[in-house]
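These are the residues of each chain, in order.
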Amino acid sequence: MLPEEHAQLEERRQAIKPGSATERARRRRNLDARRWLEEILHEPGPAPTPDQVELAALRARAVAHLAHLDAEIAASADGEPPAGGFFD
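Residues numbered from 1 in each chain as written. Predicted model: local features only at pLDDT ≥ 70, side-chain atom pairs only at ≥ 80, totals over all residues. Heavy atoms only, no water.

### Some thoughts on the overall build of the chain
To keep things clear, this is the line we draw: Helix numbering and strand numbering both begin at the N terminus, where a helix is a DSSP run of H or I of at least 4 residues and a strand a DSSP run of E of at least 2. Between buried and exposed lies partly exposed: a residue is buried under 20% and exposed over 50% of the maximum accessible area for its type, with that area taken using a 1.4 Å probe on protein chains only. Each accessible area value is a Shrake-Rupley result obtained with a 1.4 Å probe; residue values ignore everything except the protein chains displayed when judging cover.
Of regular secondary structure, the chain possesses three helices and zero strands. Seen in sequence order, the chain has helices and strands lined up from the N terminus as α-α-α. Per-residue burial for the chain yields a buried fraction of 0% across its 88 residues. Counting every atom, the chain has about 8500 Å² of accessible surface; 60% of that belongs to carbon and sulfur.

### Comments concerning a nonpolar patch on the surface
Heads up, the rule is: Residues forming no salt bridge and having over 30% relative accessible area are the ones grouped into patches, like charges within 9 Å of each other and nonpolar side chains (Val, Leu, Ile, Met, Phe, Trp, Tyr) within 5 Å. Each salt bridge in this description consists of a side-chain nitrogen of Lys or Arg and a carboxyl oxygen of Asp or Glu lying within 4 Å of one another.
Together, W36, L37, I40 and L41 line one region of the surface with nonpolar side chains, adding up to about 420 Å² of accessible area. Mapping I40 onto the fold places it in helix 2 (residues 21-41).

### Some thoughts on the layout of surface pockets
Our working rule: A cavity here means a set of 1 Å grid points, computed over protein atoms only, where a 1.4 Å probe fits but cannot escape. A pocket is an open set with protein on both sides within 12 Å along at least 5 of 7 lines, and lining residues have an atom within 4 Å of a point. Grid points are joined across faces, edges and corners, and a volume is the space filled by probe spheres set on the points. In this classification, Asp, Glu, Lys and Arg are treated as charged, Ala, Val, Leu, Ile, Met, Phe, Trp, Tyr, Cys and Pro as nonpolar, and every other residue, Gly included, as polar.
Quantified by volume, the largest pocket comes out at close to 170 Å³. Around the largest pocket, the lining residues are K17, R24, R27, R28 and L31. Considered class by class, the residues forming the lining of the largest pocket number one nonpolar, no polar and four charged.

### Quick look at the pattern of salt bridges
In a structure, side chains of opposite charge can pair up when their charged atoms sit close to one another. Within the structure shown, the criterion is met by one salt bridge. Two residues, E10 and R13, come together in a salt bridge whose shortest N-O distance is 3.1 Å. Of this pair, E10 and R13 are both found in helix 1 (residues 3-15), three residues apart, which corresponds to roughly one turn of the helix.

### Notes on a positive patch on the surface
The line we're drawing: Charge counting treats Lys and Arg as positive and Asp and Glu as negative, with His and both chain ends excluded. Note on charges: their place is set at NZ of Lys, CZ of Arg, CG of Asp or CD of Glu.
A contiguous patch of positive charge on the surface is contributed by K17, R26, R27, R28 and R29. Relative to the helices and strands, R28 is located in helix 2.

### Re the confidence of the model for the chain
The criterion, for reference: Looking at any residue, its pLDDT shows the predictor's confidence there, from 0 to 100.
Considering every residue of the chain, the mean pLDDT works out to 87; 88% of them sit at 70 or more. Within the chain, the lowest mean pLDDT, 87, falls on helix 1, and the highest, 93, falls on helix 2.

Spelled out as structure tokens, the structure:
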């Protein structure tokens, strides 16, 4: 066997993973399915509608307002004992 033929045979041996033809076909299908799923997951979604944009802005304002109220409550409660004992 010529050195070139031996090198080609060794390349082919390295390229083909061990296992039966059925196992290799299953691995190829799994790889194709994985690539397809990655493509789908990285596709941009549809553009938001004006209603969705408005709702997102309102939601952001509500969350910011709640955070502000929580900060005020935490600042006013420093050093004060917790309220309680109303019905004791």
